[in-house]
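Chain residues, written in single-letter form:
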Amino acid sequence: MSSQALRLFRRLGASPSGRWLFAKLICRRAPYFASIAPRVEVLEPGRCIVQIRDRRAVRNHIGSVHAIALCNMAELAGGLATDATIPDSMRWIPKGMTVRYVAKAHGTMTATATVPTVADAAAAQELQARVEVRDIGNAVVFEADIAMWVSPRKR
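Rules used throughout
- Residues numbered from 1 in each chain as written.
- Predicted model: local features only at pLDDT ≥ 70, side-chain atom pairs only at ≥ 80, totals over all residues.
- Heavy atoms only, no water.
- Helix = DSSP H or I, 4+ residues; strand = E, 2+ residues; numbered from the N terminus.
- Buried < 20%, exposed > 50% of the residue type's maximum accessible area, 1.4 Å probe, protein only.
- Polar contact = N/O pair within 3.5 Å; in protein donor to acceptor, adjacent residues only side chain to side chain.
- Phe/Tyr/Trp six-rings, centres within 6.5 Å; stacked < 30°, edge-to-face > 60°.
- Pairing = 2+ DSSP bridges.
- Axes fitted to C-alpha atoms, helices over the stretch in contact; angles between N-to-C directions.
- Contact = heavy atoms within 4.5 Å.
- Arc of directions from axis to C-beta.

1. Describing the side chain of Gln51
Turning to step 1, where the next piece is worked out: Along the chain, Gln51 falls in strand β2 (residues 47–52).
Turning to step 2, where the next piece is worked out: Residue Gln51 is classed as buried on the basis of its relative accessible area of 18%.
Turning to step 3, where the next piece is worked out: Polar side-chain contacts of Gln51 include one of 2.6 Å to the side chain of Arg39.
Turning to step 4, where the next piece is worked out: In this structure the side chain of Gln51 is engaged in a polar contact, spanning 3.0 Å, whose partner is the side chain of Thr110.

2. Description of the packing of aromatic side chains
Turning to step 1, where the next piece is worked out: The tally for this structure, following the rule as stated, stands at 2 aromatic pairs.
Turning to step 2, where the next piece is worked out: Each ring, one from Tyr101 and one from Phe142, has its centre 5.4 Å from the other, and the planes form 50°; the classification is tilted. Remark: Phe142 occurs in strand β6 (residues 140–152) and Tyr101 occurs in strand β3 (residues 90–101); sequence separation between them is 41 residues.
Turning to step 3, where the next piece is worked out: Taking relative accessible area as the criterion, Phe142 reaches 0% and is therefore assigned buried.

3. Comments concerning the sheet that holds strand β4 (residues 109–114)
Turning to step 1, where the next piece is worked out: Spatially, 6 strands are ordered β1-β2-β4-β5-β6-β3 in an open sheet, and the strand pairing comes out antiparallel. Bordering the open sheet on either side are β1 (39–44) and β3, each of which pairs with just one other strand. Within the sheet, the average angular offset between the axes of one strand and its neighbour, ignoring direction, is 20°.
Turning to step 2, where the next piece is worked out: Sheet analysis places β3 next to β6, joined by 11 bridges and oriented antiparallel. Residue Pro94 lies in a different strand from β6, and its bridge partner there is Met148.
Turning to step 3, where the next piece is worked out: Across the sheet, helix α3 (residues 67–85) touches β1, β2, β3, β4, β5 (125–134) and β6, and the angle it forms with β6 is around 40°.

4. Describing helix α1 (residues 4–12)
Turning to step 1, where the next piece is worked out: Taken as a whole, α1 has its buried residues at Ala5, Leu6, Phe9 and Leu12. Buried residues in α1, looked at end-on, bunch into an arc of 140°, giving them a common side. Turned more than 90 degrees off the buried face of α1, the exposed positions are Gln4, Arg10 and Arg11.

5. Structural notes on unusual backbone geometry
Turning to step 1, where the next piece is worked out: Positive phi outside glycine occurs at Ala37, with the angle close to 50°.
Turning to step 2, where the next piece is worked out: Structurally, Ala37 is set in the loop between α2 (16–29) and β1.
Turning to step 3, where the next piece is worked out: Look at Ala37 and you get partly exposed, because its relative accessible area is 33%.
Turning to step 4, where the next piece is worked out: For Asn138, which is not a glycine, the phi torsion comes out positive at approximately 70°.
Turning to step 5, where the next piece is worked out: Among the secondary structure elements, Asn138 is positioned in the loop between β5 and β6.

Okay, here's the thing in C-alpha coordinates:
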(Lines give C-alpha, C1' and ligand atoms only; values in the text may rest on other atoms or scores of the structure.)
Protein backbone atom coordinates (compact mmCIF):
# COMPACT_ATOMS: atom_id res chain seq x y z
CA MET A 1 0.00 0.00 0.00
CA SER A 2 1.23 3.53 -0.75
CA SER A 3 1.91 6.25 1.80
CA GLN A 4 -0.74 8.73 2.89
CA ALA A 5 1.18 11.57 1.18
CA LEU A 6 1.38 9.66 -2.11
CA ARG A 7 -2.33 8.77 -1.99
CA LEU A 8 -3.19 12.42 -1.35
CA PHE A 9 -0.94 13.63 -4.16
CA ARG A 10 -2.50 11.14 -6.56
CA ARG A 11 -5.89 12.57 -5.65
CA LEU A 12 -4.90 16.26 -5.81
CA GLY A 13 -1.83 16.46 -8.05
CA ALA A 14 -3.50 16.46 -11.46
CA SER A 15 -4.20 20.20 -11.40
CA PRO A 16 -2.19 23.29 -10.42
CA SER A 17 -4.72 24.18 -7.71
CA GLY A 18 -4.59 20.62 -6.36
CA ARG A 19 -0.77 20.69 -6.22
CA TRP A 20 -0.98 24.06 -4.44
CA LEU A 21 -3.39 22.58 -1.89
CA PHE A 22 -1.19 19.50 -1.45
CA ALA A 23 1.83 21.71 -0.65
CA LYS A 24 -0.24 23.71 1.84
CA LEU A 25 -1.33 20.50 3.59
CA ILE A 26 2.27 19.24 3.76
CA CYS A 27 3.35 22.59 5.22
CA ARG A 28 0.57 22.38 7.79
CA ARG A 29 1.91 18.99 8.89
CA ALA A 30 5.56 20.19 8.86
CA PRO A 31 5.29 23.99 9.34
CA TYR A 32 8.93 24.91 8.76
CA PHE A 33 8.63 24.02 5.07
CA ALA A 34 6.14 26.88 4.67
CA SER A 35 9.07 29.32 4.92
CA ILE A 36 10.04 28.47 1.32
CA ALA A 37 6.45 28.36 -0.09
CA PRO A 38 7.08 25.13 -2.02
CA ARG A 39 5.11 23.70 -4.92
CA VAL A 40 5.20 19.92 -5.26
CA GLU A 41 5.08 19.22 -8.99
CA VAL A 42 5.69 15.45 -9.08
CA LEU A 43 5.44 12.75 -6.42
CA GLU A 44 5.82 9.10 -7.30
CA PRO A 45 7.70 6.13 -5.88
CA GLY A 46 11.40 6.87 -6.24
CA ARG A 47 11.04 10.53 -7.24
CA CYS A 48 9.77 13.94 -6.14
CA ILE A 49 10.05 17.34 -7.83
CA VAL A 50 9.61 20.52 -5.79
CA GLN A 51 9.82 24.14 -6.97
CA ILE A 52 10.28 27.41 -5.13
CA ARG A 53 10.08 30.93 -6.51
CA ASP A 54 12.94 33.37 -6.08
CA ARG A 55 11.39 35.96 -3.78
CA ARG A 56 12.70 38.29 -1.10
CA ALA A 57 11.81 35.90 1.75
CA VAL A 58 14.27 33.25 0.50
CA ARG A 59 17.14 35.54 -0.54
CA ASN A 60 20.42 36.16 1.23
CA HIS A 61 22.40 39.40 1.58
CA ILE A 62 23.86 39.13 -1.95
CA GLY A 63 20.47 38.67 -3.63
CA SER A 64 20.64 34.97 -4.46
CA VAL A 65 18.47 32.18 -3.05
CA HIS A 66 19.77 31.43 0.46
CA ALA A 67 21.71 28.23 1.05
CA ILE A 68 19.40 27.15 3.87
CA ALA A 69 16.32 27.68 1.69
CA LEU A 70 17.94 25.25 -0.76
CA CYS A 71 18.63 22.80 2.11
CA ASN A 72 15.01 23.10 3.25
CA MET A 73 13.82 22.44 -0.30
CA ALA A 74 16.14 19.42 -0.62
CA GLU A 75 14.91 17.94 2.67
CA LEU A 76 11.28 18.35 1.61
CA ALA A 77 11.85 16.74 -1.80
CA GLY A 78 14.01 13.96 -0.34
CA GLY A 79 11.57 13.28 2.48
CA LEU A 80 8.53 13.11 0.20
CA ALA A 81 10.40 10.88 -2.27
CA THR A 82 11.39 8.57 0.58
CA ASP A 83 7.84 8.53 1.95
CA ALA A 84 6.44 7.66 -1.48
CA THR A 85 9.02 4.91 -1.99
CA ILE A 86 9.01 2.91 1.23
CA PRO A 87 6.27 0.43 2.17
CA ASP A 88 3.45 1.74 4.36
CA SER A 89 4.73 -0.57 7.11
CA MET A 90 7.91 1.54 7.42
CA ARG A 91 8.78 5.02 8.67
CA TRP A 92 11.69 7.34 7.93
CA ILE A 93 13.70 10.18 9.42
CA PRO A 94 16.62 12.18 8.00
CA LYS A 95 19.87 11.08 9.61
CA GLY A 96 22.30 13.45 7.91
CA MET A 97 22.76 15.62 4.86
CA THR A 98 25.82 16.46 2.77
CA VAL A 99 25.42 19.45 0.46
CA ARG A 100 27.38 21.08 -2.32
CA TYR A 101 26.73 24.66 -3.39
CA VAL A 102 27.63 24.58 -7.07
CA ALA A 103 26.63 28.09 -8.22
CA LYS A 104 24.68 31.16 -7.14
CA ALA A 105 20.98 30.42 -7.23
CA HIS A 106 18.76 32.92 -9.05
CA GLY A 107 15.22 32.54 -10.32
CA THR A 108 12.80 29.67 -9.82
CA MET A 109 14.53 26.63 -8.31
CA THR A 110 13.56 23.06 -9.16
CA ALA A 111 14.67 20.22 -6.86
CA THR A 112 14.52 16.65 -8.11
CA ALA A 113 14.94 13.95 -5.48
CA THR A 114 15.50 10.29 -6.27
CA VAL A 115 15.41 7.43 -3.79
CA PRO A 116 16.19 3.73 -4.36
CA THR A 117 13.74 1.02 -3.39
CA VAL A 118 13.95 -0.64 0.01
CA ALA A 119 16.08 -3.79 0.04
CA ASP A 120 14.25 -5.50 2.92
CA ALA A 121 10.90 -4.20 4.20
CA ALA A 122 11.38 -6.03 7.51
CA ALA A 123 14.79 -4.57 8.40
CA ALA A 124 15.95 -1.12 9.47
CA GLN A 125 18.31 0.40 6.90
CA GLU A 126 19.72 3.59 5.49
CA LEU A 127 18.54 4.89 2.12
CA GLN A 128 20.31 7.66 0.23
CA ALA A 129 18.06 10.37 -1.17
CA ARG A 130 19.90 12.21 -3.93
CA VAL A 131 18.69 15.75 -4.64
CA GLU A 132 19.71 18.03 -7.47
CA VAL A 133 18.52 21.65 -7.66
CA ARG A 134 18.51 23.46 -10.98
CA ASP A 135 17.81 27.07 -11.89
CA ILE A 136 15.47 28.33 -14.59
CA GLY A 137 18.26 27.88 -17.18
CA ASN A 138 18.57 24.20 -16.14
CA ALA A 139 22.02 24.72 -14.58
CA VAL A 140 22.77 22.73 -11.42
CA VAL A 141 23.19 25.14 -8.50
CA PHE A 142 22.99 22.76 -5.52
CA GLU A 143 23.32 19.06 -4.76
CA ALA A 144 22.48 17.10 -1.63
CA ASP A 145 22.83 13.54 -0.43
CA ILE A 146 20.47 12.83 2.45
CA ALA A 147 20.88 9.74 4.61
CA MET A 148 17.37 8.55 5.47
CA TRP A 149 16.97 6.09 8.31
CA VAL A 150 14.13 3.74 7.37
CA SER A 151 12.72 1.27 9.87
CA PRO A 152 9.59 -0.83 10.47
CA ARG A 153 6.79 1.04 12.23
CA LYS A 154 6.17 0.09 15.84
CA ARG A 155 2.90 -1.76 16.25
